[in-house]
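# Topology and contacts: notes
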Amino acid sequence: MKRSIGIAVAAATMMMGGASMASAQDAEVYIAADATAGAAVFRQCGACHMVGPNAMQRVGPPLNGIIGREWASFEGFRYSDSHIEAGETQGGVWTVSIMSEYLQNPRAMVPRTRMAFAGLRQEQQIRDVIKYLAGFDADGNEVDPAPVLTDNYGGM
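Notes on the structure follow. (Residues numbered from 1 in each chain as written. Predicted model: local features only at pLDDT ≥ 70, side-chain atom pairs only at ≥ 80, totals over all residues. Heavy atoms only, no water.)

### Describing the nonpolar core
- Formed by 30 residues in total, the largest nonpolar core has its most connected members in Phe 42, Met 99 and Ile 130.
- Of all elements in the fold, only α2 (21-31), α3 (35-42), α5 (96-104) and α7 (123-134) reach the threshold of two or more residues within this core.
- Ranked by residue count, the leading element in this core is α7, at 6 residues.
- Setting aside chain neighbours within four positions, we find Met 99 in contact with Ile 66, Ile 67, Trp 94 and Ile 130. (Core = buried A, V, L, I, M, F, W, Y, C linked by side-chain atoms within 4.5 Å. Buried < 20%, exposed > 50% of the residue type's maximum accessible area, 1.4 Å probe, protein only. Helix = DSSP H or I, 4+ residues; strand = E, 2+ residues; numbered from the N terminus. Contact = heavy atoms within 4.5 Å.)

### Some details on the packing of aromatic side chains
- On inspection of all chains with the given rule, the structure shows 7 aromatic pairs.
- Between Phe 42 and Tyr 132, the ring centres sit 5.6 Å apart and the planes meet at 50°, which makes this aromatic pair tilted. Here Phe 42, found in helix α3, pairs with Tyr 132, found in helix α7; they are 90 residues apart in sequence, far enough to count as distant.
- Consider the rings of Phe 77 and Tyr 79, whose centres lie 4.7 Å apart with planes at 70°: the pair is edge-to-face. Just as Phe 77 is buried, Tyr 79 falls in that class too.
- Taken together, the ring pairs connect Phe 42, Tyr 132 and Phe 136 into an aromatic cluster. (Phe/Tyr/Trp six-rings, centres within 6.5 Å; stacked < 30°, edge-to-face > 60°.)

### Concerning the packing of α5 against α7
- It is at 10 Å that the axes of α5 and α7 come closest, and there the two elements cross at 130°. If you check the angle between α5 and α7, you find them oblique. For the pair α5 and α7, the sense of crossing is right-handed. Between α5, through Val 96, Met 99, Ser 100, Leu 103 and Gln 104, and α7, the contact on the second element is made entirely by Glu 123, Ile 126, Val 129 and Ile 130.
- The class makeup of the residues in the contact of α5 with α7 is 6 nonpolar, 2 polar and 1 charged. (Axes fitted to C-alpha atoms, helices over the stretch in contact; angles between N-to-C directions. Parallel < 35°, antiparallel > 145°, perpendicular 65-115°, else oblique. Left-handed = near helix turned anticlockwise from the far one by under 90°. Nonpolar A, V, L, I, M, F, W, Y, C, P; charged D, E, K, R; others polar.)

So this is what it looks like as structure tokens:
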């Protein structure tokens, strides 16, 4: 299993044209994560966010296609100024590494956020929920999360 994941990451790296091997190797832990477990973790987010083909705005915006999406970009959602500013500071795109940091402690990255979620403390839960989220495109269709995770790692 680990060998096939490593081969998939190496192949994805070659196809990315210029992405570093370090980023692809770092993305491997997210590719190896458990999306089913991530769906269970996402239930904590479900009161405010949705994913999938029928996802709608709730207290927070839908998270379809969030990995690789620009910060504060869901049309019709009123983002706080602090969220918009934090997005600009972080480079403007939700990469895997930024989402991982954000999920650990949202208020550390966006000090005046309206989001009440305190964060996830277990690294595996963060990896699992990120893999789950990467499995949805912008329209809420299920997709293979591996290329999304590798192309949008944003780490090294």
